[in-house]
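Next come the chains, spelled out residue by residue.
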Amino acid sequence: MKEALYWEVKEKDVVQCLLCPKLCVIKEGGKGQCHVRQNIKGKLYSMVYGKPCAIAVDPIEKKPLYHFLPGSTAFSVGTIGCNLHCRFCQNWETSQAYPEDFEFKDVSPDEIVKQAKKSGCESIAYTYNDPVVFYEYALDIAKKAKGLRNIIVCNGFINQEPLKEWCKHIDAANIDLKAFDDKFYRENTTAWLNPILESLKTIKKMGVWLEITNLIIPGLNDDMKKIKKMCAWIFENLGSDVPLHFTAFYPCYQMMDTPRTPAVTLMEAMKVALRAGLNYVYVGNVDPGEGSNTYCPKSKKLAVSRYGFSILQNHIKEGRCNGERIAGVWK
Ligand code: SF4
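Calculation rules
Residues numbered from 1 in each chain as written. Predicted model: local features only at pLDDT ≥ 70, side-chain atom pairs only at ≥ 80, totals over all residues. Near = placed C-beta within 6 Å. Nonpolar A, V, L, I, M, F, W, Y, C, P; charged D, E, K, R; others polar. Pairing = 2+ DSSP bridges. Helix = DSSP H or I, 4+ residues; strand = E, 2+ residues; numbered from the N terminus. Axes fitted to C-alpha atoms, helices over the stretch in contact; angles between N-to-C directions. Contact = placed C-beta atoms within 7 Å. Core = buried A, V, L, I, M, F, W, Y, C linked by C-beta atoms within 7 Å. Buried ≥ 20, exposed ≤ 12 C-beta atoms within 10 Å, placed from the backbone. Expected span 1.5 Å × (residues − 1). Domains from an automatic or database assignment. Right-handed = clockwise from strand over helix to strand, strands pointing away. Parallel < 35°, antiparallel > 145°, perpendicular 65-115°, else oblique. Left-handed = near helix turned anticlockwise from the far one by under 90°.

1. So, the site of the ligand
Every residue near the ligand is listed here: Cys17, Leu19, Cys20, Lys22, Leu23, Cys24, Gly32, Gln33, Cys34, Arg37, Asn83 and Val133. For the shell around the ligand, the class distribution of residues is seven nonpolar, three polar and two charged.

2. A closer look at the sheet that holds strand β10 (residues 149-154)
The strand order β7-β8-β9-β10-β11-β12-β13-β14 describes an open sheet built from eight strands, whose pairing is mixed. Two strands in the sheet have a free side with no partner beyond their single neighbour: β7 (54-59) and β14 (281-284). Shown here is a sheet whose adjacent strand axes are inclined to one another by a mean of 20 degrees, direction ignored. Relative to the sheet, helix α2 (residues 109-119) contacts β7, β8 (73-78) and β9 (123-126), its axis offset from that of β8 by approximately 155 degrees. Strands in contact with helix α6 (residues 194-205) are β11 (172-176) and β12 (209-216); relative to β11, the strand with the most contacts, it is inclined by about 165 degrees.

3. Description of the sheet that holds strand β2 (residues 7-11)
One open sheet holds the three strands; their spatial order is β2-β3-β4, and the pairing between them is antiparallel. Two strands in the sheet have a free side with no partner beyond their single neighbour: β2 and β4 (25-27). Across this sheet, the average inter-strand angle for adjacent strands is 35 degrees, counted without regard to direction. In the sheet, β2 pairs with strand β3 (residues 14-17) via four bridges, with the strands oriented antiparallel. Along β3, the bridge assignment pairs glutamate 8 with glutamine 16.

4. Topic: the pairing of strand β6 (residues 43-46)
Relative to β6, strand β1 (residues 2-3) runs antiparallel, the two sharing two bridges. Bridging from a neighbouring strand, glutamate 3 pairs with tyrosine 45 of β6. As judged from the four bridges shared by strand β5 (residues 37-40) and β6, these two strands associate in the antiparallel manner. Across the sheet, the residue bridging to asparagine 39 is leucine 44, located in β6. If you look at the hairpin formed by β5 and β6, you'll find two residues sitting between the two strands, and lysine 41 has a positive phi there, around 50 degrees.

5. Thoughts on the nonpolar core
Formed by 95 residues in total, the largest nonpolar core has its most connected members in Ile124, Ile151, Ala173, Leu210 and Ala273. The element best represented in this core is helix α3 (residues 135-144), accounting for six residues. Once residues lying within four places of it in the same chain are set aside, the contact partners of isoleucine 124 are Ala74, Phe75, Val77, Ile112, Ala116, Ile141, Ala145, Leu148, Asn150 and Ile151. The next biggest cluster of nonpolar side chains, apart from the first, holds six residues, and it includes Val304, Ile316, Cys321 and Ile326.

6. Considering α6
Relative to the 16 Å expected for twelve residues at 1.5 Å per residue, α6 spans 17 Å between its end C-alpha atoms, a close match to the ideal helical length. Within α6, burial applies to Pro195, Ile196, Ser199, Leu200, Ile203 and Lys204. In this fold, the buried residues of α6 make contact with α4 (160-167), β11, β12 and α7 (224-238). One or two positions beyond α6, positive phi appears at glycine 207, with a value near 80 degrees.

7. A word on the domain arrangement of the chain
With domains assigned, the chain is organised as domain 1 (2-46) and domain 2 (54-289). Listed per partner, the contact involves 14 residues of domain 1 and 18 residues of domain 2. Among the residues forming the side of domain 1 that touches domain 2, the class breakdown is nine nonpolar, three polar and two charged.

8. Some points on the pairing of β12
Counting buried positions over the eight residues of β12 gives eight, a clear majority of the element. Burial along β12 is two-sided: the residues Trp209, Glu211, Thr213 and Leu215 and Leu210, Ile212, Asn214 and Ile216 are all buried. Bridging between β12 and strand β13 (residues 244-248) involves five bridges; their strand directions are parallel. Looking across to β13, one finds that isoleucine 212 is bridged to leucine 244. Between the parallel pair β12 and β13, the chain is carried across by α7, and the sense of this crossover is right-handed.

9. Considerations on unusual backbone geometry
Along the chain, lysine 63 connects to proline 64 via a cis peptide bond; the corresponding omega equals -10 degrees. Following the sequence through the fold, proline 64 ends up in the loop between β7 and β8. Here the phi dihedral of threonine 190 falls at roughly 75 degrees; this positive angle occurs in a residue that is not glycine. On the secondary structure map, threonine 190 appears in the loop between α5 (182-188) and α6.

10. Notes on the packing of α4 against α6
Between α4 and α6, the least distance of the axes is 10 Å, while the angle of their chain directions is 30 degrees. One finds that α4 runs roughly parallel with respect to α6. Read as a crossing pair, α4 and α6 show a hand that is right-handed. Contacts between α4 and α6 involve Gln160, Leu163, Lys164 and Cys167 on the former and, on the latter, Glu198, Ser199, Thr202 and Ile203.

Okay, structure coming up:
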């Protein structure tokens, strides 16, 4: 465990965590809503620092990041805990766990960097559970990872001050924008929308390569009018070059009775996003087809073709395909 960043004393033996907008007030011995930040004798500690529960080498396309070093691998690290409690969480066994339920092997930031370099990965990804709750660990690794890129796969529910500090040390982010609907967020995730929109703007403004994932759940956030509004907001606030990934829900956790997202819904969302002016729109978690290819927004020619997490063809050279610029980080 390590003393946390971003907290203050409220009164004797009571602290307030300032890392995410939940601003948990935590009594002596208690934990925050993420289960992994604990008040011990009047100080806030991260209980997951140096304690990964998952380490793997993944294709970067799995994050998903389609416009960032395509075909490379990311040394992927996750712990337990999450500051959100989504009814549809696909990693709930770890994200909703408590530290006392797991036996951890300590892995220092130096060791993570060493293993990442040895694996031949070009980047380290903070992923699987939400890296907001292992902020201190992820930040220390990123600071030490000279020669490697750093990636967060994140819900974006973090306060501005820690986010701005984080952005100085990361190169790319895939942020979940779970719906463009505050009610949806409050009823299904325990978070709320506005801080996530602010995070997206900050990440973009600070020059971190940004892609967005929107998981579409039948009957909950598949209203095309709201998807249209979301795309218009992205276009207006982040620009047309931010890739948007629509992904399919499958029954899990507290939503076992909700059906899978039909591919046709994702394709409809894709059309809405393209009509809204977004240049790079993808569909995932379904039979890939053309929904996972990158096309030049000007010439409409194929720039990158993918199958699942594999690159079949890549016509981008020095950021250009047939002379036209394709937004992204290509080397
Ligand atoms: S990071 Fe955890 S402890 Fe801190 S405010 Fe968010 S949920 Fe609460």
